[in-house]
Amino acid sequence: MTAVTQDTTHTDSIQRKWWKEAVVYQVYPMSFKDADGDGIGDLKGIISKLDYIKSLGVDVVWLNPVYQSPNRDNGYDISNYEAIMSRFGTMADFDSLLAGLHRRGLKLVMDLVVNHTSDQHPWFVQSRSSRSNPYRNFYHWWDAERGKPAHRYSFFDVNNEAWKYDSLTHAYYLHYFGDFQPDLNWENPQVRDSIFQMMRFWLDKGVDGFRMDVIPFISKDTTFPPLPPQYNGDFVKYYANGPHLHEYLRDMNRDVLSRYDCMSVAEGIGVTTATAHDFVDADRHELNMLYHFEGVSLGMVPGKFKEVQPGGVRLVDFKNLYSKWDSVFEQKGWGTVYLGNHDQPRMVTRWGNDDPQWRALSSKMLTTFLLTMRATPYYYAGDELGMTNIKFNRISDYRDVESLNMYDHLKKTGGNLQEFLRDQKITARDNGRTPFQWNNSRNAGFTTGTPWLRVNPNYLTINAETEGKDSTSCLNYFRKLIQIRKQRLVFVYGKYTELDKDNPSVYAYTRELDGKTILVLLNFTANTAEVNVGNDLAHASLLIDNYPHPSRTNLLQPYEAAVYEW
Ligand code: ISL
């Protein structure tokens, strides 16, 4: 790829920041590239692919957890925050990964998982050992003499129960996720100090920021009252955003984040348009960005975990939602946009159309959406190839603790297993975790061993090598659009205005900055669709289109994406 110089003109009203202008590329270490043939991705594997990452034109890599961990939730169960999981490599490998990224002008953002640790973490081992242990208050314990604590839902528990009885000290401990992931007690200043110290350890090494796992959960109502009658399955509302959350985040900012040129992004579970500003407004001195769940929750049954709503998603609802979130940050704060990550199915299956006829077109159309909104795009590795859900038929194909426990729970409680397996083909996290498809050799070139999770059989045609050679591929479309975005600040800071709002098939909007206008037209359907934008397209220049023969009119071909400039 030829190098492009960045557009440096800007208006004074815009506070420029590198993390607003960046495209973040998310690498899931388990599934990216296996260098040592054990079937699991590793740091040396990522290092061997740094030139590929650079060739995309992205700016920041967000790396899912690589810390020492029994790996029961793919690294989200950490037993040592300052060591590397041995299956991924060593600290020396980590240092060369960081150096390799920096040498190429790329930044690295680490996953920060501090709502909970592994039950193998020495803090928990100590905490468990006796009621008088100095680490006892590092976690939330409920002495059994007080009776059974009120029910709390847990994400990955077979009984959906977040309190686990431990006979060793005749007490219950809290785990919002698996019973092997006890929740840290942030009320304890020693916990906060230890976490802040650990964050400084990584920032001193030179990492460029953190993606903060389920951060709204760190503060809890520690009286743990019974859930109110209006609970209706919305556990996040009652568990997250505890009374001291923003105090803790301000402390974190003061003691750690503000001392480095780093970026921070919250996994904003339960964050709404009403609460978003509390996290990200610059004058709050907390975090830079968050990613909300409202977008990815569209089309799911409210209050039911990962149950797909029949009838699908109406485009008008999708558009309203993203327009609403744009307006939230119009004056203050800064947004993010994403359609896939390691907890989500593949973007093209969920939001586009993975039928072979439409897969590449709709995938490029979604990429166009992500790279033209006023927000920092978080782009998940593999989506640049148009990778699709694998849609396992049997529970035995799944590896994810979430799917396996949900299945066991349903089995125990007499739930509908067929419906569950059907929905999982759309929603299961493993769909987004199948190995990255590098080429058409065995196991898609991911590993010489047996892959930890099955490779999607469509790797024979959908892979980086084949797509790299095809100028019309999803991969090269992504590269081209990134360059277009980088040359024009209007894509980052330009005002967003939605057009033809009631159009049920087309998403249309403009972006404007300093007299420059961009028009984005996205047909979200498999039919030809008309859009009414009141602009004379004949006089605009077409920056990019996902068809070899663009329509250049207001009549869009199926899944057509067009970006015009004035
Ligand atoms: O996908 C989810 C909700 O749609 C949940 O599966 C997910 O657990 C939730 O979003 C929180 O995710 C984060 O914390 C988990 C970890 O398993 C996820 O991978 C992580 O992103 C526990 O650390």
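Residues numbered from 1 in each chain as written. Predicted model: local features only at pLDDT ≥ 70, side-chain atom pairs only at ≥ 80, totals over all residues. Heavy atoms only, no water.

Student: Got a minute to help me understand the sheet that holds strand β15 (residues 506–513) in this structure?
Tutor: Strand pairing in a sheet relies on backbone hydrogen bonds, with the paired strands running either antiparallel or parallel. Ordered by their spatial adjacency, five strands build an open sheet running β14-β15-β16-β20-β18, and the pairing between neighbours is antiparallel. Each edge of the sheet is formed by a strand with only one pairing partner; in this case those strands are β14 (495–499) and β18 (541–545). With direction set aside, neighbouring strand axes in the sheet form an average angle of 20°. Note that β15 and strand β16 (residues 516–523) share eight bridges and pair antiparallel. In the sheet register, Tyr 507 faces β16, and the bridge partner there is Leu 522. Those strands touched by helix α12 (residues 315–328) are β14 and β15, and its axis lies near 20° from that of β15. Seen against the sheet, helix α18 (residues 474–486) touches β18 and β20 (561–565) and runs at an angle of roughly 145° to β18. (Pairing = 2+ DSSP bridges. Helix = DSSP H or I, 4+ residues; strand = E, 2+ residues; numbered from the N terminus. Axes fitted to C-alpha atoms, helices over the stretch in contact; angles between N-to-C directions. Contact = heavy atoms within 4.5 Å.)

Student: How should the site of the ligand be read in this particular structure?
Tutor: Taken together, 18 residues sit near the ligand, with Asp 73, Asp 213, His 342, Asp 343 and Glu 402 positioned nearest. Here an oxygen atom of the ligand and a side-chain polar atom of Asp 73 are 2.6 Å apart. The side chain of Arg 211 places a nitrogen or oxygen atom 3.0 Å from an oxygen atom of the ligand. In isolation the ligand has 490 Å² of accessible area, and contact with the protein removes 96% of it. (Near = heavy atom within 4 Å. Polar contact = N/O pair within 3.5 Å; in protein donor to acceptor, adjacent residues only side chain to side chain. Areas by Shrake-Rupley, 256 points an atom, 1.4 Å probe, with all protein chains shown as cover.)

Student: Could you clarify how one ought to interpret the environment of Gln 197 in this entry?
Tutor: Here Gln 197 lies in helix α7 (residues 189–205). For the pair Gln 197 and Arg 346, spaced 149 residues apart in sequence, the C-alpha to C-alpha distance is 36 Å.

Student: What am I meant to see in the packing of helix α14 (residues 359–372) against α18 here?
Tutor: Between two packed helices, both the angle of their axes relative to each other and the distance between the axes serve to describe the pair. Contact geometry of α14 with α18 gives a least axis separation of 10 Å together with a crossing angle of 20°. When the axes of α14 and α18 are compared, the pair comes out roughly parallel. As α14 runs across α18, the sense of the crossing is right-handed. Contacts between α14 and α18 involve Arg 359, Ala 360, Ser 363, Lys 364, Thr 367, Thr 368, Leu 371 and Thr 372 from the first element and Cys 474, Tyr 477, Phe 478, Leu 481, Ile 482 and Arg 485 from the second. Each residue belonging to the contact of α14 with α18 can be placed in one class, and the counts come to seven nonpolar, four polar and three charged. (Parallel < 35°, antiparallel > 145°, perpendicular 65-115°, else oblique. Left-handed = near helix turned anticlockwise from the far one by under 90°. Nonpolar A, V, L, I, M, F, W, Y, C, P; charged D, E, K, R; others polar.)

Student: Honestly, the nonpolar core in this entry has me stumped. Any pointers?
Tutor: Looking at soluble globular proteins, one finds that nonpolar side chains tend to be buried together. Judged by nonpolar contacts, the single largest core of 152 residues is most densely connected at Ile 53, Ile 195, Met 199 and Phe 369. Setting aside residues up to four positions removed in sequence, Phe 369 forms contacts with Phe 318, Tyr 322, Val 337, Leu 339, Tyr 507, Tyr 509 and Leu 522. Core analysis: the next-biggest nonpolar cluster, separate from the first, contains 23 residues, Trp 142, Ala 144, Phe 155 and Phe 177 among them. (Core = buried A, V, L, I, M, F, W, Y, C linked by side-chain atoms within 4.5 Å. Buried < 20%, exposed > 50% of the residue type's maximum accessible area, 1.4 Å probe, protein only.)

Student: Hey, could you run me through the packing of aromatic side chains in this one?
Tutor: How two aromatic rings sit relative to each other is given by the distance of their centres and the angle of their planes. Using the criterion set out here, one finds 51 aromatic pairs in the structure. Seen from their ring centres, Phe 392 and Tyr 398 are 5.1 Å apart, and the 85° between their planes marks the pair as edge-to-face. In this pair, the class of Phe 392 matches that of Tyr 398, namely buried. Judged by centre distance (5.3 Å) and plane angle (40°), the ring pair of Tyr 496 and Tyr 509 falls under tilted. Of this pair, Tyr 496 sits in strand β14 while Tyr 509 sits in strand β15, and the two are 13 residues apart along the sequence. Accessibility expressed as a relative area gives 6% for Tyr 496, which makes it buried. Taking relative accessible area as the criterion, Tyr 509 reaches 0% and is therefore assigned buried. (Phe/Tyr/Trp six-rings, centres within 6.5 Å; stacked < 30°, edge-to-face > 60°.)

Student: Honestly, unusual backbone geometry in this entry has me stumped. Any pointers?
Tutor: Glycine aside, the phi torsion of most residues is negative, and most peptide linkages are trans. A positive phi angle, close to 55°, is found at His 285, a residue other than glycine. Among the residues examined, His 285 registers a relative accessible area of 51% and is labelled exposed. One non-glycine residue with positive phi stands out, namely Asp 514, at about 50°.

Student: Would you explain the pairing of strand β2 (residues 60–63) in this entry?
Tutor: The side chains of a regular strand alternate between the sheet's two faces. Side chains Val 60 and Trp 62 of β2 all project onto a buried face; the interleaved residues Val 61 and Leu 63 project onto the opposite face, where all are buried too. Of the pairings in the sheet, the one linking strand β1 (residues 24–27) to β2 comprises four bridges and is parallel in character. If you follow Val 27 over to β2, its bridge partner there is Leu 63. Bridge analysis of β2 against strand β5 (residues 107–112) gives four bridges, and the strand direction is parallel.

Student: Looking at this structure, I do not really get the pattern of salt bridges. What am I missing?
Tutor: Pairing of side chains with opposite charge becomes possible as their charged atoms draw close. Tallied over the entire structure, the rule returns 38 salt bridges. For Asp 51, the salt bridge identified is with Arg 104, shortest N-O distance 2.8 Å. Taken together, the residues span a long stretch of sequence, with Asp 51 in helix α4 (residues 50–56) and Arg 104 in the loop between α5 (91–103) and β5 at a distance of 53 residues. Arg 104 sits in the partly exposed class, given a relative accessible area of 22%. The shortest N-O distance in the salt bridge between Arg 394 and Asp 397 comes to 3.0 Å. (Salt bridge = Lys/Arg side-chain N within 4 Å of Asp/Glu carboxyl O.)

Student: Can you help me understand the sheet that holds strand β6 (residues 141–143) in this one?
Tutor: Reading across the sheet, the three strands line up as β6-β8-β7 and stay open at both edges, with antiparallel pairing between neighbours. Across the chains shown, the open sheet's two edge strands, defined by having one partner strand only, are β6 and β7 (163–166). Taking the axes of each pair of neighbouring strands and ignoring which way they run, one obtains an average angle of 30° across the sheet. The pairing of β6 with strand β8 (residues 171–174) spans three bridges and is classified as antiparallel. For Asp 143, the partnering residue across the bridge sits in β8 and is Ala 171.

Student: Explain α18 here, please?
Tutor: An α-helical segment advances 3.6 residues per turn. Residues three or four places apart therefore align on the same side. Look at α18: 18 Å from first C-alpha to last across 13 residues, which is about the 18 Å you get at 1.5 Å a residue. With 11 of 13 residues buried, α18 is to be regarded as a mostly interior element. Among the residues of α18, those classed as buried are Cys 474, Leu 475, Asn 476, Tyr 477, Phe 478, Arg 479, Leu 481, Ile 482, Gln 483, Ile 484 and Arg 485. (Expected span 1.5 Å × (residues − 1).)

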